[in-house]
Amino acid sequence: MTSIDSVLAFNREYVASKGYEKHLTDKYPDKKLAVVSCMDTRLSVLLQEALGLRNGDAKIIKNAGAVIPSPWDSAMRSLIVAVYELGVTEIMVVAHTTCGACHMSFGHFREEMLHRGIPEAALNRADVNLTAWLEGFHDTERSVRDTVATIVNHPLMPSDVTVRGFVIESATGELTEVE
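A. Geometry of the pairing of strand β2 (residues 58-63). Of the pairings in the sheet, the one linking strand β1 (residues 33-38) to β2 comprises six bridges and is parallel in character. Bridge pairing in β2 links C38 to N63. Once you follow β1 into helix α2 (residues 43-51) and on to β2, the crossover reads as right-handed.

Here it is as structure tokens:
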């Protein structure tokens, strides 16, 4: 059985037993909070527990590295929607220790992609700078500062939205604010 088939089997039982009832809420975050964080599996449960968040408290936006490298990427779009449509008034950027996005590079991905059959032409696209697009970061705190600055300085982000940055310890959940 594949992982997806296993998930689907569990889901059928979950719905049949009404396991969802304890999570019922609406689309508006109760704490008027959005959190931009990394997609790292260590944070799947730890992040919400360490922040004291329950289902419905916050909008959680996850991507590789908790970064917003461009003011017009999908994470920024989600934040704009969260502010104007869902009432978010505070945003936390939460990166983490020992992040896989730290030190990642297109050079590494390029070799893996070629090995898995991606044609060279797809790696030499004129419309996308894959070196920049798949570049990680080398300093977690600087990455958090850069992402906070991208959000704060976005031309569509109102100045009354509070934006703060943090690094969470991947094992313990301890938060450290990045000034």
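B. Looking closely at the pattern of salt bridges. All chains considered together, the criterion is met by nine salt bridges. Residues joined by salt bridges that share partners form a network here, namely R110, E111 and E120.

C. Representation of the environment of P71 in the model. Within the secondary structure, P71 is located in the loop between β2 and α3 (74-86). A sequence separation of 93 residues divides P71 from R164, and the C-alpha atoms of the two residues are 17 Å apart. Setting aside its immediate chain neighbours within four residues, P71 contacts M76, T150 and H154.

D. Representation of the side chain of T140 within the structure. Here T140 is to be found in helix α7 (residues 140-152). Apart from residues no more than four positions distant in its own chain, T140 is found in contact with A95, H96, C102 and V167.

E. Representation of α3 in the model. All buried positions along α3 are accounted for by A75, M76, L79, I80, A82, V83 and L86. Buried residues belonging to α3 abut β1, β2, β3 (90-96) and α7. Between a side-chain oxygen at the N-terminus of α3 and the backbone nitrogen of A75 the separation is 3.2 Å; the capping residue is D73. Just beyond α3, the residue with positive phi is G87, at close to 80°.

F. Seen up close, a nonpolar patch on the surface. A cluster of nonpolar side chains, V15, Y20 and L24, forms an exposed patch at the surface whose accessible area comes to about 280 Å². Along the chain, V15 falls in helix α1 (residues 3-16).

G. Inspection of the environment of F109 at higher detail. Within the secondary structure, F109 sits in helix α4 (residues 106-115). Exposure remark for F109: the relative accessible area of 26% places this residue in the partly exposed category. Leaving out residues up to four positions away in the same chain, F109 has contacts with M104 and L134.

H. Main features of the side chain of D73. Position of D73 relative to the elements: it lies in the loop between β2 and α3. No salt bridge is formed by the buried D73; the nearest opposite charge belongs to R77, separated by 9.7 Å. Of note is the side chain of D73, whose polar atom sits 3.1 Å from the backbone nitrogen of M76. Residues in contact with D73, not counting those within four places in the same chain, are V67 and I68.

I. Broad picture of the state of the cysteines. Using the criterion set out here, one finds zero disulfides in the structure. Counting only cysteine sulfurs, C99 is the nearest neighbor of C38, a cysteine outside any disulfide, at a range of 3.9 Å. Exposure remark for C99: the relative accessible area of 9% places this residue in the buried category.

J. Structural context of α2. Within α2, the full set of buried residues consists of L43, L46, L47 and L51. Projected down its long axis, α2 shows its buried positions confined to an angular sector of 110°, all on one face. Summarising the geometry of α2, the exposed residues directed more than 90 degrees from the buried face are V45 and E49. On its buried face, α2 sits against β1, β2, β3, β4 (162-168) and β5 (175-178).

The rules behind each value
Counting restarts for each chain, with residues numbered from 1 along the sequence as it is written. Restriction of local features to residues with pLDDT of at least 70 applies here, the model being predicted, together with a cutoff of 80 or more for giving and counting side-chain atom pairs; totals for whole chains, interfaces and linings are based on all residues. Heavy atoms from the whole structure form the basis of all side-chain values; hydrogens and water molecules are not counted. In this analysis, strands are considered paired if DSSP registers two or more bridges between them. Only DSSP runs of H or I covering at least 4 residues are called helices, and only runs of E covering at least 2 are called strands; the numbering of each starts at the N terminus. Handedness of a crossover is defined as follows: orient the strands so they point away from the viewer, and if the path from the first strand over the helix to the second runs clockwise, the crossover is right-handed. One side-chain nitrogen of Lys or Arg within 4 Å of one carboxyl oxygen of Asp or Glu is enough to make a salt bridge. Contact definition: two residues touch when any of their heavy atoms are within 4.5 Å. Burial here depends on accessible area, computed with a 1.4 Å probe over protein chains only, as a share of the maximum for the residue type. Under 20% is buried, over 50% is exposed, and the range in between is partly exposed. Here a polar contact means two N or O atoms within 3.5 Å. Within protein one must be a hydrogen donor candidate and the other an acceptor candidate, and residues neighboring in sequence count only if both atoms are side-chain atoms. Without a salt bridge and with relative accessible area above 30%, a residue can belong to a patch; like charges are then joined within 9 Å and nonpolar side chains (Val, Leu, Ile, Met, Phe, Trp, Tyr) within 5 Å. The accessible surface values rely on the Shrake-Rupley method and a 1.4 Å probe; as for residues, cover is taken only from the protein chains in view. This count recognises Lys and Arg as positive and Asp and Glu as negative, with His and chain-terminal groups excluded. The definition used for a disulfide is geometric: two cysteine sulfur atoms within 2.5 Å. Arc, as used here, means the arc of the directions from the helix axis to the C-beta atoms.

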